[in-house]
Amino acid sequence: MADITNQSLNEIIENVKTKKVSSTDLTKAYIKNIESAKKLNAFVTTTFDQALDKAKQFDNKPNFDQLLPGIPLAVKDLFCTENTKTTAGSNILNNFIPSYESTVTKNLWNNGSFLLGKLNCDEFAMGSSNETSHYGNVINPVGDQLVPGGSSGGSSSALAADLTPATIGTDTGGSIRQPASFTGTVGLKPTYGLCSRWGIVAFASSLDQAGPMTKTIKDCAIMLESMSGFDDKDSTSISKKKEQYSKNLKDNIKGLKIGIPKEYRVDNMPKEIDELWEKGKKILKDLGAQLIDISLPHTKYALPTYYIVAPAEASSNLARYDGVRYGYRSKQGKDLIEMYEKTRSEGFGDEVKRRILIGTYVLSSGYYDAYYLKAQKVRQLIKKDFDDSFTKIDAILTPSTPSSAFKIGEKTNDPVSMYLNDIFTVPANLAGLPALSMPAGVDKKGYPLGLQLIGKVLDEQKILNIGYAFEKNCGFKNEIKKWWS
Amino acid sequence: MSKEKFDYFIKGEKGKYEVVIGLEVHAQVLSKSKLFSGSSTKFGADPNNQVSLIDSAFPGMLPVINEECVKQAVRTGLGLNAKINNYSVFDRKNYFYADLPQGYQISQYKNPIVGEGKVLLDMPYGSKEIGIERLHLEQDAGKSIHDMDPSNTYVDLNRSGIALMEIVSKPDLRSPDEVNAYIKKLRSIMRYLGTCDGNMQEGSLRADVNVSVRKEGDKNFGTRCEIKNVNSIKFMQMAIEYEAARQVELIENGKEIDQETRLFDTKKNETRSMRSKEDAHDYRYFPDPDLLPLKLEQKLIDDLKKSLPELPDKKKERFIKEYELNAYEANVLVSEKEISDYYEEVAKFSDKKLAATWMMGDLFAMLNDKGLDISKSPISAKHFAELIKSIKSGEISGRIAKEVFEIMVESGDNPKKIIESKGMKQQSDPKELEKMINEILSKNKDKVDQYKAGKEKLFGFFVGQVMKLSGGKANPQLTNEILKKLLKG
């Protein structure tokens, strides 16, 4: 049999079901790939022995009716995994072993899959290049010196390099979609509340949402179906009937109305991005969709709004990392206050500190109204822009990112230019809407580029269908040479 | 009862000062589990034995509101005649401390669950209304223990996350006595409602006390100081007295009062500065994004209202009407739900006035003496009713009743059984009494003659003889009547 690891998740599942490959052989193939890809630094922790045990258990007593029968999966190291170290890419959690399993990963395991390892990410998911991780930056398999995007950079790298058949990330401002775009893969940020946040290390609670990262749209539907669902342990979880996204996947999008927002044509955007967008529009139009020009007038405020709301919540969410009960504690410090100061100074990296400071500032008395409160009001306006548009259209098409993958170190000293990477992705988080990034082409250098589909609340099926039709007609193929092994 | 006049002022050299007091009472919600987690709230468990991953703020843990705590807050709000807000918001109050695992306390800041209300106090100078500003729900913190080890602090998180109601009064209180009455009234209302056990020893009820002073007649408030976390009424009163005197002294010496937070040192009986306004924490309140705003349906509020028990003010009115008690008696008998229940059970089967007198006299004295709550009374309400019945029917005299009461306390026996077995029944048969009295008169002919000659003082002698002969059991009233009749003849 040809190398099974470069197949899609859906194909692999078929091969397992038809017993062309055992879970054990599948797992061994991925372990081999992972061991030869250390250079990419995609993994923080591997759980090979445990994975092989689970694979063996599956092979001894297979249940092929499950969504993910005997499938090994690596996940972002932001999901708490029972008895497996969970670092969130931070030194402050370098010794943290949860006694509990996040709801999302538990859902995956309940559907027949098991853990292969924990994937590197920006520290506390704060970053767009995976350069803020305490465990070193991750390399994009597309090119030796390229960042894989962030914060789910370990996830995108591992997926594109065939180190896991599919994976999951979290997306607070683009952390699934931007790395997917940078690696020529599919990434979906679901509607806020569709996937439980319970057991995921929190960054910004009102924006955080877990979602799938896969090679194909069909894989994305399978993963979303497996990981989502109401959870009474998360007060913001949406109570609704479970959907069968993969079974209901359709490629007929005739008559659907696709909004093209003029505000997403930003200054200094590379011509290639514009051309990619045009290409996308043409494909959808040729498939029978109707393109409609729309306006989302408050889009330009989305990035500044995001960089107030997210750090504000983060500054409070990260207060619990104080060295008292778990995680890293500095050995220095004469009293409680000094212990806090040393622990947090040594435990957090620069980007995290920067955001804690911004967040603390915007919540301070005297500044709260001018920053946080105003940002929340603007957030409502941004949401209203979408609500108004969605009375006329089914989905919105935009570029995923303003550029392709950049070089390691290129933006580390310029946080604002780094933040600009999120310009197309943050509005969906602020409005709580589902948004999908799908590979659509390459730039001059041959680096992948993605297009984004934003849908109505809980309209994941529709954007998956559009993506499915698009994928079949786009002709994108990820040509990654395994230069690292 | 004559009405007294309010007279609590601090006398300075330059005049009289009125003391203005507002209280922020922290009342622990009676609930099986904590405000946002399933951990038990039971008092007295070993340290860190009632702590969930949520209470200890592990990564990725999320709060989920405990509906029962919400209902308890609504019930309490209704009991305080307050406005229940259909929309309220949980906020994060951010600060670092070792016994605050999340690094923030979940509380309610701008939109509390309960708005303005009022509490009525019965003071010797009449009834007084104290305004309630608001009531909100919040989490309790854990406990730092500094004296277990010379160089380390230990933290017990059992209390961490337990639901508290913070009940904020308006600055309507004017004396330590009013504070005493206010706390007792709040406690009584919450105990009637079953929303807080009011146990101050276990920390279920604590208060921050805001004190300011102003010259008698002044309309403007003075600068206030907040005395944090005082856990008994006595300490609250002591702290207020000390603090008011301190402020008056400052004013009289031409000094400014700093708005500050102070601590009450119970050993030295003084308040001390904790932090000034300038050092006040910036708590960086913002709505907790892990929790949706709390929306209460009117039906839930209405249903809770319908199911409220009768509260002390209403019950007092009813007692006055139904049991013909005076205001003072009614007040005492409704002060605790258990007392009122006991009284009603006794009054149901016996004489209501006599029952009140005996309860407030002998029964309370005995309970007080033994340091017992009425729920632990060695005399059950049923037995107590029997005793009152026996007194009322004349079966036993008041004097004998006191003896029976003593035996009941010791033995817990039914008074009927005691009276029976010890032969304490009153002799009330007129024929028997007449026989006995005739016997005594014939034995004391000389005294009868003297009596008839005008020495009426001897009547007491004859009564004494009847009592002696009957072993104290002769019905005194009947004895008097018969004696009079026979001595005339």
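Source: prediction; values computed, not measured.

Observations concerning the packing of aromatic side chains
Residue and element names in this part refer to chain B. Applying the stated criterion across every chain yields a total of 37 aromatic pairs over all chains. An angle of 50° between the planes, with centres 5.5 Å apart, marks the rings of Phe 319 and Tyr 343 as tilted. Taken together, the positions of Phe 319 in helix α5 (residues 312–322) and Tyr 343 in helix α7 (residues 337–349) put the pair 24 residues apart, joining distant regions of the chain. With respect to burial, Phe 319 and Tyr 343 carry one shared label: buried.

Here's the deal with the side chain of Asn140(A)
Residues and elements named next belong to chain A. Structurally, the position occupied by Asn 140 is in the loop between β3 (114–119) and α5 (153–160). Taking relative accessible area as the criterion, Asn 140 reaches 0% and is therefore assigned buried. Beyond its immediate sequence surroundings of up to four residues, Asn 140 is in contact with Leu 146, Val 147, Pro 148, Phe 182, Thr 183, Ala 405 and Trp 483.

Quick notes on a nonpolar patch on the surface
A contiguous nonpolar surface patch, about 280 Å² in accessible area, is contributed by Tyr361(A), Tyr367(A) and Tyr371(A). Tracing the sequence through the fold places Tyr367(A) in the loop between α11 (350–363) and α12 (369–389).

With respect to the domain arrangement of chain B
Structurally, chain B comprises domain 1 (9–304), domain 2 (310–421) and domain 3 (430–488). Averaged C-alpha coordinates put domain 2 of chain B and domain 3 of chain B at centres separated by 34 Å.

Overview of empty space enclosed by the protein
Residue and element names in this part refer to chain B. Taken as a whole, this structure holds six cavities of 30 Å³ or more when the rule is applied. Of the voids in this model, the largest cavity is the one considered here, and its volume is about 90 Å³. For the largest cavity, the full set of lining residues is Ile 54, Asp 55, Leu 100, Pro 101, Gln 102, Tyr 104, Gln 105, Gln 139, Asp 140, Ala 141, Ser 160 and Gly 161.

Some points on helix α8 (residues 352–370) of chain B
All names here are of chain B. Relative to the 27 Å expected for 19 residues at 1.5 Å per residue, α8 spans 25 Å between its end C-alpha atoms, a close match to the ideal helical length. Helix geometry: α8 is bent most strongly at Met 359, by close to 35°. Of all the residues in α8, the buried ones are Ala 355, Ala 356, Trp 358, Met 359, Leu 363, Phe 364, Met 366 and Leu 367. Along its buried surface, α8 packs onto α6 (327–334), α7, α9 (381–392) and α10 (398–411). The opening residue of α8, the one whose side-chain oxygen lies 3.3 Å from the backbone nitrogen of Lys 353, is Asp 351. Of the residues trailing α8, Gly 371 is marked for its positive phi of about 65°.

Brief notes about the interface of chain B and chain A
In this assembly, 30 residues from chain B lie in contact with 38 residues from chain A. Here chain B meets chain A over a buried area of about 2,800 Å², counting both sides, of which 58% is carbon and sulfur. When the buried area of chain B at its contact with chain A is split by residue, Pro59(B), Phe96(B) and Arg284(B) rank highest and sum to 22% of it. Across the chain B-chain A interface, the total number found is one salt bridge. For Arg197(A), the salt bridge goes to Asp290(B), with nearest N and O atoms at 3.0 Å. The tally of links between chain B and chain A comes to 16 residue pairs in polar contact (both at pLDDT 80 or more). Here the side of chain B that touches chain A is composed, by residue class, of 20 nonpolar, five polar and five charged.

A word on α5(B)
All names here are of chain B. Listed as buried for α5 are Pro 312, Lys 315, Lys 316 and Phe 319. Here the buried residues of α5 occupy an arc of 105° about the axis, which is enough to place them on one side. Exposed positions of α5 whose direction lies more than 90 degrees from the buried face are Lys 314, Glu 317 and Lys 321. For α5, the elements touching its buried residues are β6 (117–123), α2 (176–193), α6 and α7. Once α5 finishes, Glu 324 follows within two positions and takes phi at roughly 55°, a positive value.

With respect to the layout of surface pockets
If a probe the size of a water molecule is rolled over the atoms, the empty space left behind becomes visible. All names here are of chain B. Put simply, the second largest pocket is a space of about 1,800 Å³. Along the walls of the second largest pocket sit 44 residues, with Lys 184, Asn 331, Val 332, Ser 335 and Glu 336 positioned nearest its centre. Mapped onto the lining of the second largest pocket, the elements with two or more residues apiece are β6, β7 (126–139), α2, α5, α6, α7 and α8. Considering every element that reaches the lining of the second largest pocket, the biggest residue donor is α2, with eight residues. Of the residues assigned to the lining of the second largest pocket, the class counts are 17 nonpolar, 12 polar and 15 charged. Domain assignment of the residues forming the lining of the second largest pocket places at least three in each of domain 1 (9–304) and domain 2 (310–421).

Some points on the sheet that holds strand β2 (residues 72–76) of chain A
All names here are of chain A. Read across the open sheet, the three strands follow the order β1-β3-β2; overall the sheet is mixed. Across the chains shown, the open sheet's two edge strands, defined by having one partner strand only, are β1 (43–46) and β2. Across the sheet, the mean angle from the axis of one strand to that of its neighbour is 30°, orientation sign disregarded. Alignment of β1 against β3, held across three bridges, turns out to be antiparallel.

Regarding a negative patch on the surface
On the surface, Glu256(B), Asp258(B), Glu278(B) and Asp279(B) cluster together into a negatively charged patch. Glu278(B) sits in the exposed class, given a relative accessible area of 68%.

Quick notes on the pairing of strand β4 (residues 91–94) of chain B
Residue and element names in this part refer to chain B. Burial of the side chains of β4 extends over both faces: Asp 91 and Lys 93 are buried on one face and Arg 92 and Asn 94 on the other. One ladder, built from four bridges, connects β4 with strand β5 (residues 104–107); its direction is antiparallel. For Arg 92, the partnering residue across the bridge sits in β5 and is Ile 106. Across two bridges, the pairing between β4 and strand β15 (residues 286–287) is antiparallel. Paired with Arg 92 across the two strands is Phe 286, which belongs to β15.

Notes on the nonpolar core
Membership of the largest hydrophobic core comes to 149 residues, with the highest contact counts inside it found for Phe124(A), Phe386(A) and Leu436(A). For this core, the element with the highest residue contribution is helix α9 (residues 302–317) of chain A, accounting for nine residues. Phe386(A) has contacts with Tyr264(A), Leu296(A), Ile396(A), Pro427(A), Ala431(A), Leu433(A) and Ile454(A), leaving out every residue within four places of it along the chain. Listed in part, the 104 residues of the second largest apolar core include Tyr8(B), Phe36(B), Val179(B) and Ala347(B).

Topic: the sheet that holds β4(B)
An order of β5-β4-β15 (chain B) is seen for the three strands of this open sheet, with the pairing classed as antiparallel. Two strands close off the open sheet at either side, each with one partner strand: β5 and β15 of chain B. Contacting β4, β5 and β15 of chain B, α9(A) crosses the sheet at an angle of about 60° to β4(B).

Some remarks on the side chain of Asn107(A)
Residues and elements named next belong to chain A. By the secondary structure assignment, Asn 107 is in helix α4 (residues 103–110). With relative accessibility at 19%, the residue Asn 107 sits in the buried group. In this structure, Asn 107 is in contact with Ser 226, Met 227 and Ser 228, ignoring residues within four places of it in sequence.

Considering the pairing of strand β1 (residues 9–12) of chain B
Sheet topology note: the β1(B)/strand β2 (residues 15–28) of chain B ladder contains four bridges and is antiparallel. What sits directly across from Ile10(B), in β2(B), is Tyr17(B).

Notes on the packing of α9(B) against α10(B)
Residues and elements named next belong to chain B. Put simply, α9 and α10 touch, their axes get as near as 11 Å, and they point 165° apart. Considered as vectors, α9 and α10 are oriented roughly antiparallel to each other. Between α9 and α10 lies a crossing of right-handed hand. Together, His 383, Phe 384, Leu 387 and Ile 391 of α9 and Ala 401, Val 404, Phe 405 and Met 408 of α10 make up the contact between the two elements. For the contact of α9 with α10, the per-class residue count stands at seven nonpolar, one polar and no charged.

Brief notes about the state of the cysteines
By definition, a disulfide links the sulfur atoms of two cysteines through a covalent bond. All names here are of chain A. A full pass over the atoms with the stated rule returns zero disulfides over all chains. Summary of cysteine pairing: Cys 80 is not part of a disulfide, and the nearest cysteine sulfur, belonging to Cys 121, is at 11 Å. Residue Cys 80 is classed as buried on the basis of its relative accessible area of 0%. Cys 474 takes part in no disulfide bond, and the closest cysteine sulfur to it belongs to Cys 220, at a distance of 16 Å. On the accessibility criterion, Cys 474 (11% relative accessible area) is buried.

Here is what the cut-offs are and how they apply
- Residues numbered from 1 in each chain as written.
- Chains lettered and ligands numbered in written order.
- Predicted model: local features only at pLDDT ≥ 70, side-chain atom pairs only at ≥ 80, totals over all residues.
- Heavy atoms only, no water.
- Phe/Tyr/Trp six-rings, centres within 6.5 Å; stacked < 30°, edge-to-face > 60°.
- Helix = DSSP H or I, 4+ residues; strand = E, 2+ residues; numbered from the N terminus.
- Buried < 20%, exposed > 50% of the residue type's maximum accessible area, 1.4 Å probe, protein only.
- Contact = heavy atoms within 4.5 Å.
- Patch = residues over 30% accessible without salt bridge, like charges linked within 9 Å, V, L, I, M, F, W, Y side chains within 5 Å.
- Areas by Shrake-Rupley, 256 points an atom, 1.4 Å probe, with all protein chains shown as cover.
- Salt bridge = Lys/Arg side-chain N within 4 Å of Asp/Glu carboxyl O.
- Domains from an automatic or database assignment.
- 1 Å grid on protein atoms, 1.4 Å probe; cavity = no way out; pocket = protein on both sides within 12 Å on 5 of 7 lines; lining within 4 Å.
- Points joined across faces, edges and corners; volume = space filled by probe spheres on them.
- Expected span 1.5 Å × (residues − 1).
- Bend = angle between axes of the 7 residues up to and from the residue.
- Polar contact = N/O pair within 3.5 Å; in protein donor to acceptor, adjacent residues only side chain to side chain.
- Buried area = accessible area lost by both parts, 1.4 Å probe.
- Nonpolar A, V, L, I, M, F, W, Y, C, P; charged D, E, K, R; others polar.
- Arc of directions from axis to C-beta.
- Pairing = 2+ DSSP bridges.
- Axes fitted to C-alpha atoms, helices over the stretch in contact; angles between N-to-C directions.
- Lys, Arg positive; Asp, Glu negative; His and termini not counted.
- Charge placed at Lys NZ, Arg CZ, Asp CG, Glu CD.
- Core = buried A, V, L, I, M, F, W, Y, C linked by side-chain atoms within 4.5 Å.
- Parallel < 35°, antiparallel > 145°, perpendicular 65-115°, else oblique.
- Left-handed = near helix turned anticlockwise from the far one by under 90°.
- Disulfide = S-S within 2.5 Å.

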